[in-house]
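Listed below are the residues making up each chain.
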Amino acid sequence: MKKALSVISAFALLATTAMTACGKKEESSSSTPATKDGKTVLKLMTFTKEVPGMVDKFMELHPDFAAKYEVKVTEVPTTEGTYQPALDQALKGGGADAPDFYCAEAAFVLKYTKGDAASFACPYEELGIDVDKEIADAQIAQYSVDIGTNPDGKVVGLGYQATGGAFIYRRSVAEAAFGTDDPAEVEKQIGAGSGNWDQFFKCAEDLKKKKIAIISGDGDLWHAVENSSDKGWIDENNTLYIDPKREAFLDLSKKLKDNGYHNDTQDWQDGWFADMKGEGEKPVLGFFGPAWLINYSLKDNCGGTKVGEGTFGDWAVCQSPVGFFWGGTWLLANKDSKNKEAVGEIIRWITLDTSEQGLQYMWANGTLNGEGGTKDCVASNVVMEKSDGSVDILGGQNMFDVFTKANEFAKGDNLTQFDETINSQWRDQVRQYTSGAKSREAAIKDFKQAVGDNLDIKVD
């Protein structure tokens, strides 16, 4: 998701220097266990300003806690690949320079919950959290829990954001294509809930006759395919495994391109954003994605800020043919922290508190920094059910009605700690195949070679 956030948002204290988001170096002011006014220092390591902003709100709402503790933040962006090495060094080094708690996002979170760095993560139950009961009471999306569970079956990380995916479509294009923009009808047209892409491609053929692209580029399909696969990239023998659903993406991508079903754009590039404004080669029916794609991509690239400007207000959401999720941030605590209960109070407030004074409620209703902020989907279904997800960019539709179900369909058991690297190599080979630069067989062979050359993974 950080590829997304590095484009769409600007979204812990070490004795060593840390890179800031603008590329400069910033010296940490202190790494001692207490500040000059006697407060205990809690160190947070993160890659955006998002979680530090939440911590600031926690301190504001809990003055007794703030009287005892101060949170020092080290922010290292992911854009240049600097975050993970910095976090790894801090965790391995231990001592006063190690973070008490830290963030990991979907592209690499399994490294810290189940993989090479999982041994540093503290089970939530050791933070003073009645984790099983509170997860059940909050109805936390299961995929998020699965991702945050370590090999011993202990929850060591949870997210605050829910990133289950839906189909985000333009109302006017649906009206032109189907005679209605009703989500229920659009779901029928694209085969929502079918678990396959058969009806979706029948719809693509129908739309082609009307000079409409069903999606912008093959990347819009990839995230749905990737995260609905049955297995991940690596099997139990540490061997590369190409799930049949992921291998089929070669054929789906080529079918899209050869038949002119999309505008052949690449996600996060200019052509992709142009399609969000309605300025692409052909009108595009929609994009696959979670709520953050609406809030931080469509909203910033639709060509307007109110209904009637650009494509603002001309969007709606419905269920996808397959269940998937895309992105998210998980919070973890250091097992060696000397302040586990204090860290636990912050983490619980962010990930499990369902009250109107909890982060989840404020995040869902856009009130973290006052009324009128961005509404987003959260991990707790309890919070979403009592919140108002109506947003102007969707023509007033309550997006929580769709995304609550989407979160239930998402699964978190098909990821590996190397997904960020492997996905990039796979997408590159798929593009070369669909462009005609190499055969299907050569693309698979070269993909396996690239994985074998760059990662400590066996390749058959």
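See above for the structure.
Residues numbered from 1 in each chain as written. Predicted model: local features only at pLDDT ≥ 70, side-chain atom pairs only at ≥ 80, totals over all residues. Heavy atoms only, no water.

K.L.:
Just give me the short version of the packing of aromatic side chains, but keep the residues and values in it.
P.N.:
Summed over the entire model, instances satisfying the criterion amount to 30 aromatic pairs. Here the aromatic rings of W426 and F447 are separated by 4.9 Å at their centres, their planes lie at 65°, and the arrangement is edge-to-face. With W426 in helix α19 (residues 419–434) and F447 in helix α20 (residues 440–454), this residue pair connects regions lying 21 residues apart in the sequence. The class of W426 is buried, set by a relative accessible area of 0%. Owing to a relative accessible area of 0%, F447 belongs among the buried residues under this scheme. One aromatic cluster is present, built from ring pairs that chain together F167, Y169, W197, F200, F201, Y261, F288 and F324. Positioned above the aromatic ring of Y241, the side-chain terminus of K231 is 5.5 Å from the ring centre. (Phe/Tyr/Trp six-rings, centres within 6.5 Å; stacked < 30°, edge-to-face > 60°. Helix = DSSP H or I, 4+ residues; strand = E, 2+ residues; numbered from the N terminus. Buried < 20%, exposed > 50% of the residue type's maximum accessible area, 1.4 Å probe, protein only. Lys NZ or Arg CZ within 6 Å of the ring centre and 35° of its normal.)

K.L.:
Pulling in residues and values, what's your account of the sheet that holds strand β9 (residues 315–318)?
P.N.:
Pairing in this open sheet of three strands is antiparallel, and the strands run β8-β7-β9 from one edge to the other. With one partner strand each, in any of the chains shown, β8 (286–289) and β9 form the two edges of the open sheet. Averaged over all pairs of adjacent strands, the angle between their axes in this sheet comes to 25°, without regard to strand direction. The strands that helix α14 (residues 291–301) touches are β7 (166–170), β8 and β9; relative to β8, the one it contacts most, it runs at about 120°. (Pairing = 2+ DSSP bridges. Axes fitted to C-alpha atoms, helices over the stretch in contact; angles between N-to-C directions. Contact = heavy atoms within 4.5 Å.)

K.L.:
Give a detailed account of the side chain of T149, specifying residues and quantitative values.
P.N.:
Mapped onto the elements, T149 comes out in the loop between α7 (142–147) and β6 (157–159). Judged by its relative accessible area of 15%, T149 falls in the buried class. If near-sequence neighbours (up to four positions away) are discounted, T149 is found in contact with T113, K114, K154 and V155.

K.L.:
Mind laying out the nonpolar core, listing which residues take part and the relevant values?
P.N.:
Counting 148 residues, the largest nonpolar core has Y102, W197, L221 and L285 as the members making the most contacts within it. L285 has contacts with F167, I168, Y169, R170, V173, A174, F178, I190, L207, I212, A213 and I214, leaving out every residue within four places of it along the chain. (Core = buried A, V, L, I, M, F, W, Y, C linked by side-chain atoms within 4.5 Å.)

K.L.:
Pulling in residues and values, what's your account of the pairing of β8?
P.N.:
Across the two faces of β8 the burial is the same, with G286 and F288 and F287 and G289 all buried. Of the pairings in the sheet, the one linking β7 to β8 comprises four bridges and is antiparallel in character. Among the inter-strand pairings, A166 is bridged to a residue of β8, identified as G289.

K.L.:
Which residues make up the sheet that holds strand β10 (residues 329–333), and what values do they have?
P.N.:
Strands sit in the order β4-β3-β5-β10-β6 across an open sheet of five strands; the sheet is mixed. Looking along the sheet, the strands with just one partner apiece sit at the ends: β4 (69–75) and β6. Going from strand to strand, the sheet's axes swing by 25° on average, the running direction of each strand aside.

K.L.:
Residue-level account of the packing of helix α11 (residues 219–226) against α19, with values.
P.N.:
Look at α11 against α19: their axes get within 13 Å of each other, and the N-to-C directions meet at 135°. Taken as axis vectors, α11 and α19 run oblique relative to one another. The two elements α11 and α19 meet at a crossing, and its hand is right-handed. Contacts between α11 and α19 involve G219, W222 and E226 from the first element and D419, N423, W426 and R427 from the second. A breakdown of the residues in the contact of α11 with α19 according to their chemical character gives two nonpolar, two polar and three charged. (Parallel < 35°, antiparallel > 145°, perpendicular 65-115°, else oblique. Left-handed = near helix turned anticlockwise from the far one by under 90°. Nonpolar A, V, L, I, M, F, W, Y, C, P; charged D, E, K, R; others polar.)

K.L.:
Account for the pattern of salt bridges, naming residues and giving values.
P.N.:
Tallying each qualifying case throughout the model produces 21 salt bridges. For D251, the salt bridge is made with R440, and the minimal N-O distance between the two is 2.9 Å. Of the two residues, D251 sits in helix α12 (residues 244–258) while R440 sits in helix α20, which places them 189 residues apart along the sequence. Here the residues in one salt-bridge network are D218, D267 and R427, joined through shared partners. (Salt bridge = Lys/Arg side-chain N within 4 Å of Asp/Glu carboxyl O.)

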